[in-house]
Number of protein chains: 2
Amino acid sequence: MYGSVDNMNDHQILATAKLRATTQRLAMLKEMRKIHGPFTVERLHKMCRSMDVVTVYRNIKSLVAVGVMREVRLKDASLRYEFSPGEETHHHHAVCNSCGYIEELSECKMHSLFSQQTSKKFKSIDEHVLEFFGTCNSCSKK
Amino acid sequence: MYGSVDNMNDHQILATAKLRATTQRLAMLKEMRKIHGPFTVERLHKMCRSMDVVTVYRNIKSLVAVGVMREVRLKDASLRYEFSPGEETHHHHAVCNSCGYIEELSECKMHSLFSQQTSKKFKSIDEHVLEFFGTCNSCSKK
DNA sequence: TTTTAATTGCAAGTCACTTGCATGTATGGT
DNA sequence: ACCATACATGCAAGTGACTTGCAATTAAAA
């Protein structure tokens with residue numbers, strides 16, 4: 001539906017999503033591009049201090065609604081967000097329980113597991129969550 | 001550490017966990033045994049109306065702390081709980097996006113995927129989350 | 001430009017818990 | 001069986017992460 005975020009500028013993304021190119025949205029997109037990995041609204045708002053948190057919440061929600069971004073639930077209370085990857089780059093995360101370091105894992109090899117893991121009581125599976133939690137190398141040295 | 005919940009009575013579970021056998025805890029354990037699949041505190045409290053929700057929250061937390069129960073995060077805002085399965089019965093869930101039906105999947109076949117999916121930047125992975133979301137058979141007929 | 005519908009900011013509200021504290025009670029010692 | 005006390009409970013209030021209402025702005029269509 002959308003070209004990858006990588007080959008579209010922020011105005012194009014908003015236009016395609018039928019969202020107005022406001023100062024706030026453009027600032028948010030600019031800052032989000034600087035972040036690696038799934039971020040919290042709190043973190044993004046720290047980078048966009050000029051606008052209200054509510055605006056950050058609402059705009060992120062709009063971007064999720066149109067498919068530009070996706071929501072990720074890791075262990076903590078806050079939801080996290082990241083640019084929605086296309087099917088071919090669908091991926092998961094490994095989270096360090098000690099320092100919170102989040103790594104994006106290269107590729108999703110889950111499809112073959114669907115039929116094995118899923119029961120006969122389901123007509124279709126259209127989503128799944130797979131996250132790993134452990135200790136990263138640098139934390140294991142401390 | 002603990003015998004399976006199946007072959008211990010509620011007094012034994014609490015004794016082993018060094019938790020006092022209060023009226024509330026015994027009532028909670030009794031009701032929890034009637035529930036299939038991961039439940040919310042709200043649901044359990046509806047079955048234990050005689051006590052305060054705070055007590056339900058606190059006791060569930062204690063049971064998680066001693067390993068009798070485990071926390072499961074599905075898509076909704078509330079945490080869910082279920083009796084902590086032993087290693088050999090570690091499992092995941094399939095959730096119907098339409099009616100909320102939750103099925104426990106028979107067995108976890110994830111271990112072989114750990115090394116494939118996880119990066120070289122992690123010393124160890126000691127936990128993972130795998131949940132499927134889709135439409136169950138009966139909802140697909142509606 | 002002018003119009004107008006989308007967007008924003010501020011304040012207030014909600015939901016799912018969590019904490020403080022005074023009262024109550026299970027259990028270990030006598 | 002009784003007492004002492006550390007653990008539990010209930011009620012009220014607090015917190016964190018959002019969500020909603022509404023009047024004031026502002027992007028963009030006319």
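Our subject is the structure that appears above.
Conventions we followed
Think of each chain on its own: its residues are numbered from 1, step by step along the sequence as written. The lettering of chains begins at A and the numbering of ligands begins at 1, in the order of writing. Given that this is a predicted model, residues contribute local features only at a pLDDT of at least 70 and side-chain atom pairs are listed and counted only at 80 or more, while totals for whole chains, interfaces and linings are drawn from all residues. Working from all heavy atoms in the structure, the side-chain values ignore hydrogens and water. Near, as used in this document, describes a residue that has one of its heavy atoms within 4 Å of the molecule or strand being considered. The definition of a polar contact used here is a pair of N or O atoms within 3.5 Å, where within protein one atom must be able to donate a hydrogen and the other to accept one, and adjacent residues in sequence count solely through side-chain atom pairs. Numbered from the N terminus, helices here are DSSP runs of H or I no shorter than four residues, and strands are runs of E no shorter than two. Note that Gly is not counted as nonpolar here; it falls among the polar residues with everything else outside the nonpolar set of Ala, Val, Leu, Ile, Met, Phe, Trp, Tyr, Cys and Pro and the charged set of Asp, Glu, Lys and Arg. Any two rings among Phe, Tyr and Trp, with Trp reduced to its six-membered ring, count as a pair given centres within 6.5 Å; such a pair is stacked if its planes are under 30 degrees apart, edge-to-face if over 60, and tilted if neither. Comment: the charge-over-ring label is applied if NZ (Lys) or CZ (Arg) is within 6 Å of the ring centre and within 35 degrees of the ring normal. Here the axes come from fitting lines to C-alpha atoms, over the contacting stretch only for helices, and the angles between their N-to-C directions go from 0 to 180 degrees. Between 65 and 115 degrees an angle is taken as roughly perpendicular, under 35 as roughly parallel, over 145 as roughly antiparallel, and anywhere else as oblique. Only heavy atoms enter the contact rule, under which two residues are in contact if any of them lie within 4.5 Å. Note on classification: 1.4 Å probe, protein chains only; a residue is buried when its accessible area is under 20% of the maximum for its type, exposed when over 50%, partly exposed between these limits.

A.B. asks: Is there a simple way to think about the protein's contact with DNA strand C in this case?
C.D. replies: With respect to spatial proximity, 21 residues lie near DNA strand C, and among them Thr22(A), Gln24(A), Arg25(A), Thr55(A) and Tyr57(B) are the closest. Within the side chain of Arg25(A), one N or O atom sits 2.5 Å away from a phosphate oxygen of DNA strand C. Within the contact set of DNA strand C, a phosphate oxygen lies 3.3 Å away from a backbone nitrogen or oxygen of Leu79(B). Breaking the surface near DNA strand C down by element, the ones donating at least two residues are helix H2 (23–32) and helix H4 (53–65) of chain A together with helix H4 (53–65) of chain B. In terms of residue class, the surface near DNA strand C is made up of seven nonpolar, seven polar and seven charged.

A.B. asks: Help me understand the protein's contact with DNA strand D in this model?
C.D. replies: Near DNA strand D there are 21 residues, and of these Tyr57(A), Thr22(B), Gln24(B), Thr55(B) and Asn59(B) occur at the shortest range. Of everything in DNA strand D that lies within 4 Å of the protein, sugar and phosphate atoms constitute 68%. Within the side chain of Arg58(A), one N or O atom sits 3.4 Å away from a base oxygen of DNA strand D. A distance of 3.1 Å is found between a base oxygen of DNA strand D and a side-chain nitrogen or oxygen belonging to Arg20(B). Of the residues that constitute the surface near DNA strand D, the class distribution is seven nonpolar, seven polar and seven charged.

A.B. asks: In this structure, what is going on with the packing of aromatic side chains? I would like to understand it.
C.D. replies: Think of a pair of aromatic rings as described by two things: how far the centres are apart, and how the planes are tilted against each other in angle. Evaluated as defined, the whole model comprises two aromatic pairs over all chains. Over the face of the ring belonging to Phe133(A) we find Lys75(A), whose NZ or CZ atom lies 4.6 Å from the ring centre.

A.B. asks: Hey, could you run me through the packing of helix H2 (residues 23–32) of chain B against H4(B) in this one?
C.D. replies: Packed helices, taken two at a time, are described by their axes: the angle between them and the distance between them. Residue and element names in this part refer to chain B. The interhelical angle for the contact between H2 and H4, taken along N-to-C directions, is 75°, at an axis separation of 11 Å. Judged by the angle between their axes, H2 and H4 are roughly perpendicular. Side by side, H2 and H4 meet where Gln24, Arg25, Met28, Leu29 and Met32 of the first sit next to Thr55, Val56, Asn59, Ile60 and Leu63 of the second. For the contact of H2 with H4, a count of residues per class yields six nonpolar, three polar and one charged.

A.B. asks: When you look at the environment of Cys136(A) in this model, what are you seeing that I'm missing?
C.D. replies: Within the secondary structure, Cys136(A) is located in strand E6 (residues 122–136). By relative accessible area, which is 4% here, Cys136(A) ends up buried. With 42 residues separating them along the chain, Cys136(A) and Ala94(A) place their C-alpha atoms 9.0 Å apart. When neighbours within four sequence positions are excluded, Cys136(A) is seen to be in contact with Cys96(A), Cys99(A), Tyr101(A), Lys121(B), Phe122(B) and Lys123(B).

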